[in-house]
Amino acid sequence: MSAASCLLTEHQFLCSICLDVFTDPVSTPCGHNFCKTCITQHWDIKVPFQCPNCKKVFYTRPELQVNTFISEMVAQFRQSAQQKASSSSSEQQAAKPGEVPCDVCTGTKLKALKSCLVCLESYCETHLEPHLTRSGLKRHQVIDPVENLEGRMCTKHDKLMELFCKTDQMCVCMLCTVLDHKTHDVVPLKEEYEGKKAELGKTEAEIQQMIQKRRLKIQEMKHSVGLSKVDADREIADGVQVFTALKESVERSQAELIDTIKEKQRKIEKQAEGFIKELEQEISELKKRSTEVEQLLLSEDHLHLLISFTSLTAAPPTKNWTEVSVCPPSYEGTVRRAVNQLEETLSKQMKKLLAEAELKRVQQSAVDVTLDPDTAHPDLILSDDGKQVHDSDVRKDLPDNPERFDTGACVLAKQSFSSGRFYYEVQVKGKTDWDLGVARESINRKGEITPSPQDGYWTICLGNENEYIACANTPVRLSLESQPEKVGVFVDYEEGLVSFYDVDAAALIYSFTGCCFTEKLYPHFGPCLNDGGKNSAPLIISPVNHTE
């Protein structure tokens with residue numbers, strides 16, 4: 001018995017009606033146990049006779065006998081509880097801030113283990129003992145320790161509020177249901193508690209869902225900020241590169257202007273130095289002659305004067321300096337010409353730098369594109385990896401499925417795009433005839449095709465007369481500084497933009513703007529006819545090497 005009781009807990013010895021340790025435990029025919037007095041009083045009020053636990057209805061009132069086995073178990077449990085209380089009383093702790101103190105302790109208030117809803121007091125382990133052993137107190141309802149026990153009492157009738165009026169949405173006591181709430185919908189607190197707890201569970205689930213949505217929104221915003229920062233850093237780097245190049249160009253032009261002016265000054269200085277040197281040499285010769293004349297004038301030797309006269313009166317060889325002068329160079333217009341030249345240089349350089357920056361930006365939208373053999377004209381030869389296509393001049397026997405072009409020597413990509421931006425590059429080196437661009441899904445693929453936006457094509461081409469043409473509704477001849485060997489195609493679906501770039505020159509070739517896309521767009525490739533081998537070079541979808 002002792003060993004068995006040690007395995008049992010206090011919960012197993014509590015009556016579900018009074019919530020206290022059994023007193024004279026009896027068993028109902030359905031197998032549940034209650035205090036004899038509790039179940040007897042319950043059945044005196046409730047008709048028909050029903051088990052409070054499993055709700056089984058008995059049509060005749062069962063005769064109840066004290067279950068001696070359970071009674072002995074309860075006695076053993078009480079004895080064990082008392083011994084435990086005695087041995088552990090010295091180990092009890094004083095109530096800490098926020099914990100419920102024992103109302104009976106004097107001096108140091110110990111931590112309460114239970115609160116009695118009848119006595120309206122809280123008890124530590126030692127002072128709880130009477131409620132476990134005394135027959136008069138063990139019927140009291142004890143709960144886990146709570147503060148403000150008076151708040152659980154009906155202020156009007158001084159009774160425990162153990163019911164809930166659903167009509168007035170308030171807690172009430174038994175007397176309230178007989179008097180003020182007689183006709184109202186009243187249920188036990190536990191029943192309303194379960195209902196409200198379920199509602200709170202739903203509320204908590206909704207709150208968690210709202211929290212999750214907001215966390216996802218935060219992640220979305222952080223992601224957007226991250227993308228924005230990447231874009232901002234890239235734009236700053238591109239801007240710094242452009243302005244650094246422009247600044248260096250200005251500084252070079254300034255240095256060239258200064259050098260030009262200084263060179264002119266050096267030339268005039270060098271010329272003047274030459275003249276001055278000659279003049280100083282002549283002055284030296286003239287001074288020498290002057291000295292000789294002065295000495296001759298002082299001579300009293302008649303013969304010597306007459307002999308020397310002829311040689312001294314002849315003027316020494318000198319230059320006629322009358323028409324010789326040093327003319328300062330004119331600097332008028334030098335700065336203006338330098339600025340005009342700088343402006344022209346900057347304009348070209350700025351266009352080039354902006355084009356490079358723009359190409360670098362659109363290359364960020366690079367996608368992987370492969371050719372779709374189901375759309376290829378029967379004359380076309382596609383590589384195994386779907387990256388190259390050329391015309392063979394030999395028609396293959398292929399099924400004429402609806403997707404296949406039967407007249408135009410062209411092919412579409414497998415990939416389609418219906419939102420966002422995308423970019424890819426195609427090598428056209430060595431070809432004399434080609435067309436590239438994008439086409440909407442519903443284009444006509446049978447018979448003669450005239451590519452234009454109104455027919456669902458946004459393309460450019462190189463014609464057999466070596467002319468580059470933008471295939472707009474009214475074709476536009478393009479004037480290019482160089483023949484592109486690799487063409488980049490960029491599409492912004494929402495913006496309605498299709499742009500073509502000369503990748504090596506980092507130059508914009510042409511843009512279709514203001515387009516209205518409502519369908520899927522497919523990259524379009526036209527290697528055109530082989531032309532007896534003159535146009536046998538393939539169109540090659542190239543990997544995008546991002547410009548530095």
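In case you missed it, the structure is sitting above this.
A short tour of the structure in this document, coming up. (Residues numbered from 1 in each chain as written. Predicted model: local features only at pLDDT ≥ 70, side-chain atom pairs only at ≥ 80, totals over all residues. Heavy atoms only, no water.)

Thoughts on the nonpolar core
When a protein is soluble and globular, its nonpolar side chains tend to lie buried together. Ranked by internal contacts, the top residues of the largest apolar core, which has 38 residues, are Trp434 and Phe525. Among residues more than four places away in sequence, those in contact with Trp434 are Val428, Ile460, Cys461, Leu462, Tyr468, Val487, Gly526, Cys528 and Leu539. Formed by 19 residues, the second largest nonpolar core is a distinct cluster that contains Cys18, Val26, Trp43 and Phe49. (Core = buried A, V, L, I, M, F, W, Y, C linked by side-chain atoms within 4.5 Å. Buried < 20%, exposed > 50% of the residue type's maximum accessible area, 1.4 Å probe, protein only. Contact = heavy atoms within 4.5 Å.)

Description of the sheet that holds strand E18 (residues 476-478)
Paired through their backbone hydrogen bonds, the strands of a sheet run either parallel or antiparallel. One open sheet holds the six strands; their spatial order is E13-E22-E15-E16-E17-E18, and the pairing between them is antiparallel. The sheet is open, and its two edges are formed by strand E13 (411-412) and E18, each paired on a single side. By the bridge criterion, three bridges tie strand E17 (residues 468-470) to E18 in an arrangement that is antiparallel. Paired with Ile469 across the two strands is Arg477, which belongs to E18. (Pairing = 2+ DSSP bridges. Helix = DSSP H or I, 4+ residues; strand = E, 2+ residues; numbered from the N terminus.)

Some remarks on the packing of aromatic side chains
Each aromatic ring pair is specified by the distance between its two centres and by the angle formed by the two planes. Within the structure shown, the criterion is met by eleven aromatic pairs. Seen from their ring centres, Trp458 and Phe517 are 5.1 Å apart, and the 85° between their planes marks the pair as edge-to-face. Of this pair, Trp458 sits in strand E16 (residues 457-462) while Phe517 sits in the loop between strand E21 (507-512) and strand E22 (521-526), and the two are 59 residues apart along the sequence. Look at Trp458 and you get buried, because its relative accessible area is 6%. Judged by centre distance (5.4 Å) and plane angle (45°), the ring pair of Tyr493 and Phe517 falls under tilted. With Tyr493 in the loop between strand E19 (486-492) and strand E20 (497-502) and Phe517 in the loop between E21 and E22, the pair connects residues that are 24 residues apart, well separated along the chain. Accessibility expressed as a relative area gives 10% for Tyr493, which makes it buried. Every member of this aromatic cluster is reached through a ring pair, and the members are Trp43, Phe49 and Phe58. (Phe/Tyr/Trp six-rings, centres within 6.5 Å; stacked < 30°, edge-to-face > 60°.)

Comments concerning helix H8 (residues 334-362)
Along its 29 residues, H8 runs 42 Å from first to last C-alpha, staying within 8% of the 42 Å computed at 1.5 Å per residue. Looking at the buried side of H8, the elements it contacts are helix H6 (189-298), strand E14 (421-427), E19, E20 and E21. (Expected span 1.5 Å × (residues − 1).)

Remarks on the layout of surface pockets
The calculated volume of the second largest pocket comes to roughly 700 Å³. Taken together, 32 residues line the second largest pocket, and the ones lying closest to its centre are Asp433, Asp435, Ile449, Pro451 and Cys528. Sorting the residues of the lining of the second largest pocket by element identifies strand E15 (434-440), E16 and E22 as the ones contributing at least two each. Of all the elements, E16 adds the most residues to the lining of the second largest pocket, at three residues. (1 Å grid on protein atoms, 1.4 Å probe; cavity = no way out; pocket = protein on both sides within 12 Å on 5 of 7 lines; lining within 4 Å. Points joined across faces, edges and corners; volume = space filled by probe spheres on them.)

Overview of the pattern of salt bridges
Under the criterion given, the structure shown has 17 salt bridges. Taking the shortest distance from any N to any O, the salt bridge between Asp231 and Arg234 comes out at 2.6 Å. Residue Asp231 and its partner Arg234 are both found in helix H6; the two are separated by three residues, about one turn of the helix. Exposure remark for Asp231: the relative accessible area of 36% places this residue in the partly exposed category. Lys348 serves as the salt-bridge partner of Glu344, at 3.6 Å between the closest nitrogen and oxygen. With Glu344 and Lys348 both in helix H8 and four residues apart, this pair spans about one turn of that helix. We classify Glu344 as partly exposed; its relative accessible area is 48%. The exposure class assigned to Lys348 is exposed, which follows from its relative accessible area of 57%. (Salt bridge = Lys/Arg side-chain N within 4 Å of Asp/Glu carboxyl O.)

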